[in-house]
Amino acid sequence: MQKYNKHIIQKDETLKTIAALYHLDTDALKLFHNNLCPVKDMILIELTVQKEIFIPRTAVADKNLLVKFGRGNSLIFQPSHSSYKYGVIINMETGDHHNELKYEVSVRWVKHENNLHFFEIDRISNLYLNEEEINEIADMLAFKTSKVLYPLQISVNEQGKFNGVENLSVFKERWPAVKDEVYKEFDGEIVDEYCQKIEQIIEEPDTIDLYLKNDYLIRTLFLGIYQSFGSAFEIERAETFPIVNNPIEPHYKIQIEVDPLKNEYDLVNIEGKGKLYDERTTHDFISRSPFSLIIEENPIMNENGDFRIQYYLNGKTLLPESLYLECSIMLKEKKKISVAIAAV
């Protein structure tokens with residue numbers, strides 16, 4: 001992400017007038033420029049042969065272009081009374097095998113309580129698999145029975161990170177109506193077995209909670225990007241993502257940057273990228289081990305995986321307008337999940 005801007009020097013401009021234009025100290029501007037420019041363009045006392053001058057990214061004449069940060073250049077999470085509709089595209093790739101899911105959801109803020117924000121998430125469209133509305137009986141059963149989960153209420157902390165599912169108890173109450181709807185369209189042993197499995201899961205709230213923590217939409221939308229980015233507008237942090245079926249998610253080390261200037265569409269740009277950083281080997285992940293099977297004092301970290309995000313927030317509300325997350329890991333073949341979310 002760009003760390004500076006350039007000012008094209010106009011006729012009769014001086015170092016002092018340029019500094020005044022951007023509300024900068026003259027010596028500070030000279031030092032900033034000299035740290036970035038080639039030796040031949042360095043400013044000793046006053047402008048000479050220079051045609052352009054490097055200026056800080058946040059030095060702009062129009063202050064409306066600046067992102068409004070909190071203390072420590074922190075992004076402030078203020079979702080109160082917000083309501084969005086999002087289109088969601090999830091791509092799942094393993095080797096040459098590829099599937100794409102598409103659907104739409106509504107995300108509505110409900111309340112703020114005990115330092116947590118509560119949201120209601122509802123599915124508002126049919127599900128499309130590889131550009132076609134699902135029609136295989138297994139897919140249809142999964143789609144129909146999943147209605148027991150919606151509307152789904154979750155909690156999110158002050159950094160915008162998913163905390164937990166808050167309405168697990170209502171799933172059991174919803175199930176009879178959902179089950180009746182399923183049996184109006186399907187019958188047979190396959191349907192009986194499928195419904196029995198759903199009923200067993202509903203009786204175990206911890207199992208549902210774990211299942212929903214693996215929801216790619218929730219984990220992407222509520223990644224927890226409302227952090228303090230410091231003077232450099234960047235942070236390094238550890239992140240996990242449910243790309244594999246494992247009680248302990250793979251760990252990634254990522255660098256996240258926020259542009260202190262809004263773009264031409266009045267959006268705040270956030271970029272992040274990193275690598276897998278986990279003691280577990282590829283074999284450990286394939287065997288679904290929650291920990292490394294080799295105990296070493298200084299283990300060689302597994303870096304066979306990548307992590308990338310590209311987020312755009314509304315310049316006024318700082319709430320998500322479009323998000324992209326991509327996560328990969330090497331198993332027997334490379335596995336990659338990408339999640340694209342956009343307001344509709």
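Relevant structure appears above.
Everything numeric here is computed off the predicted structure, so don't read it as measured data. (Residues numbered from 1 in each chain as written. Predicted model: local features only at pLDDT ≥ 70, side-chain atom pairs only at ≥ 80, totals over all residues. Heavy atoms only, no water.)

A. Molecular detail of the overall build of the protein. Looking only at helices and strands, one finds eight helices and 15 strands in the protein. Overall, the C-alpha framework of the protein stretches about 85 × 50 × 40 Å when taken along its three principal axes. Residues counted as buried form 43% of the 344 residues belonging to the protein. Within the protein, contacts between residues at least 6 apart in sequence are counted, and of these 61% link residues at least 24 apart. A total accessible area of about 19000 Å² is found for the protein, and carbon and sulfur atoms account for 51% of it. (Helix = DSSP H or I, 4+ residues; strand = E, 2+ residues; numbered from the N terminus. Buried < 20%, exposed > 50% of the residue type's maximum accessible area, 1.4 Å probe, protein only. Contact = heavy atoms within 4.5 Å. Areas by Shrake-Rupley, 256 points an atom, 1.4 Å probe, with all protein chains shown as cover.)

B. Expanded view of the pairing of strand E12 (residues 267–276). Most of E12 sits out of view: seven of its 10 residues are buried. As paired strands, strand E11 (residues 251–258) and E12 are joined by seven bridges and run antiparallel to one another. Considered in E12, the bridge of Ile256 is made with Gly272. With nine bridges connecting them, E12 and strand E13 (residues 306–314) associate as antiparallel partners. Its bridge partner lying in E13, Leu267 is registered against Asn314. (Pairing = 2+ DSSP bridges.)

C. Representation of the environment of Tyr312 in the model. Relative to the helices and strands, Tyr312 resides in strand E13. Linking Tyr312 and Ala342, residues 30 residues apart in sequence, is a C-alpha distance of 9.5 Å. Not counting chain neighbours up to four residues away, the residues in contact with Tyr312 comprise Asn263, Leu267, Val268, Asn269, Leu319, Pro320, Glu321 and Ser322.

D. Seen up close, the nonpolar core. Counting 73 residues, the largest nonpolar core has Leu75, Ile154 and Phe222 as its most contacted members. When sequence neighbours within four positions are dropped, the list of residues in contact with Leu75 reads Val67, Phe69, Ile225, Tyr226, Gln227, Phe229, Val258, Ile270, Leu313 and Leu318. Among the nonpolar cores identified, the runner-up in size contains 11 residues, and Ile9, Leu15, Ile43 and Ile53 belong to it. (Core = buried A, V, L, I, M, F, W, Y, C linked by side-chain atoms within 4.5 Å.)

E. Region of interest: the pairing of strand E4 (residues 97–113). The pairing of strand E3 (residues 83–94) with E4 spans 12 bridges and is antiparallel. In the sheet register, Glu93 faces E4, and the bridge partner there is His98. Turn length for the E3-E4 hairpin, with the two strands adjacent in sequence and antiparallel, is two residues, and the turn residue Gly95 shows positive phi of about 60 degrees. Pairing between E4 and strand E6 (residues 128–129): two bridges, direction antiparallel. For Lys102, the partnering residue across the bridge sits in E6 and is Tyr128.

F. Looking closely at the packing of aromatic side chains. Taken as a whole and assessed by the stated rule, the structure comprises nine aromatic pairs. Between Phe241 and Phe307, the aromatic rings sit 6.3 Å apart at their centres with planes inclined by 80 degrees, giving edge-to-face as the arrangement. Here Phe307 lies in strand E13 and Phe241 lies in the loop between strand E10 (234–240) and E11, a separation of 66 residues in the sequence. Residues Phe241 and Phe307 agree in their burial class; the two are buried. In this structure an aromatic cluster arises from ring pairing among Phe77, Phe119, Phe222 and Tyr226. Above the face of the Phe118 ring, Lys111 is positioned so that its terminal group lies 4.9 Å from the ring centre. (Phe/Tyr/Trp six-rings, centres within 6.5 Å; stacked < 30°, edge-to-face > 60°. Lys NZ or Arg CZ within 6 Å of the ring centre and 35° of its normal.)

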